[in-house]
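Inside the fold
Residue-level listing of the chains:
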Amino acid sequence: MTPRPDYSVLLRGADLRVTRPRVATMEAVCGHPHADTETVISVVRRGLPEVSHQAVYDSLAALTAAGLVRRIQPHGHVARYESRVGDNHHHAVCRSCGAIADVDCAVGAAPCLDPSSDHGFAIDEAEVIYWGTCPACSSVRS
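What counts as what
Counting restarts for each chain, with residues numbered from 1 along the sequence as it is written. Residue-level local features of this predicted model are given only where pLDDT is at least 70; pairs of side-chain atoms are given and counted only at 80 or more, and the full residue set underlies all totals for whole chains, interfaces and linings. Excluded from the side-chain calculation are hydrogens and water; included are all heavy atoms of the structure. By the convention used here, strands pair only if DSSP detects at least 2 bridges between them. Strands here mean DSSP runs of E at least two residues long; helices mean DSSP runs of H or I at least four residues long; both are numbered from the N terminus. The angle between two axes is taken between their N-to-C directions and runs from 0 to 180 degrees, where each axis is a line fitted to C-alpha atoms and a helix contributes only its stretch in contact. The disulfide criterion used throughout: a pair of cysteine sulfur atoms within 2.5 Å. Each residue is assigned to one of three classes by its accessible area relative to the maximum for its type, calculated with a 1.4 Å probe on protein chains only: buried under 20%, partly exposed between the two thresholds, exposed over 50%. Nonpolar cores were defined as sets of buried Ala, Val, Leu, Ile, Met, Phe, Trp, Tyr and Cys residues, with membership established by side-chain atoms within 4.5 Å. Throughout, a residue-residue contact means that at least one pair of heavy atoms, one from each residue, lies within 4.5 Å.

Notes on the sheet that holds strand β5 (residues 100-103)
Within the open sheet, the three strands sit side by side as β5-β4-β6. Their pairing is mixed. A single partner strand is all that each edge strand has here, and the edge strands are β5 and β6 (129-132). Sheet twist, expressed as the average angle between the axes of neighbouring strands with direction ignored, equals 25°. Bridge count for strand β4 (residues 90-94) against β6 is four bridges, and the pairing is parallel. Within β6, the residue paired with Ala-92 across the bridge is Tyr-130.

Section: the sheet that holds strand β2 (residues 70-72)
Whenever strands of a sheet pair, they do so through backbone hydrogen bonds, lying parallel or antiparallel. Across the sheet, three strands lie side by side as β1-β3-β2; this open sheet has antiparallel pairing. Whereas interior strands pair on both sides, the edge strands pair on one side only; in this sheet they are β1 (35-36) and β2. Across two bridges, the pairing between β1 and strand β3 (residues 80-82) is antiparallel. What sits directly across from Ala-35, in β3, is Tyr-81.

A closer look at the state of the cysteines
Tallying each qualifying case throughout the model produces zero disulfides. Of the cysteine sulfurs around Cys-94, a residue in no disulfide, the closest is that of Cys-134, at 3.7 Å. The exposure class of Cys-94 is buried, given its relative accessible area of 2%. Distance from the sulfur of Cys-97, which forms no disulfide, to the nearest cysteine sulfur (Cys-137) is 3.7 Å.

Here's the deal with the nonpolar core
Counting residues in hydrophobic clusters, the biggest one holds 23 residues, and the most contacted among them are Val-40, Val-44, Val-56 and Leu-63. Elements represented by at least two residues in this core include exactly α1 (7-13), α2 (20-31), α3 (37-47) and α4 (53-65). Those residues in contact with Val-44 that lie beyond four places of it in its chain are Ala-24, Thr-25, Ala-28, Val-51 and Val-56.

Written out as structure tokens, the structure is:
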């Protein structure tokens, strides 16, 4: 089992003030990969019942801007948050239930894919979303 990260150290390392809502939000995102905002709020409120929606939204925005959290939003879905950052991984999304799973980079280092033309851009990231049916939904259809 991997040791629990010291969220205070992570926040300070990103030049963010250490606040209870930020620590609780980091814990929620780390404990619930690909959670939507409402799930994060619900998890945070288990430990901090008095925290406002706005405090969690603000925490998510600050953590995302600092690069501690990644916000993803597959087409047609609400925003989701994850703590796996910095490795340019991709996602598989179930068309039926919306489950999301991490997919490691297919080939090489970031940006994983070489575009046919970069149009002069200095490309540093590629985002790929694989769409399909998760194992749970596939077994229901069989």
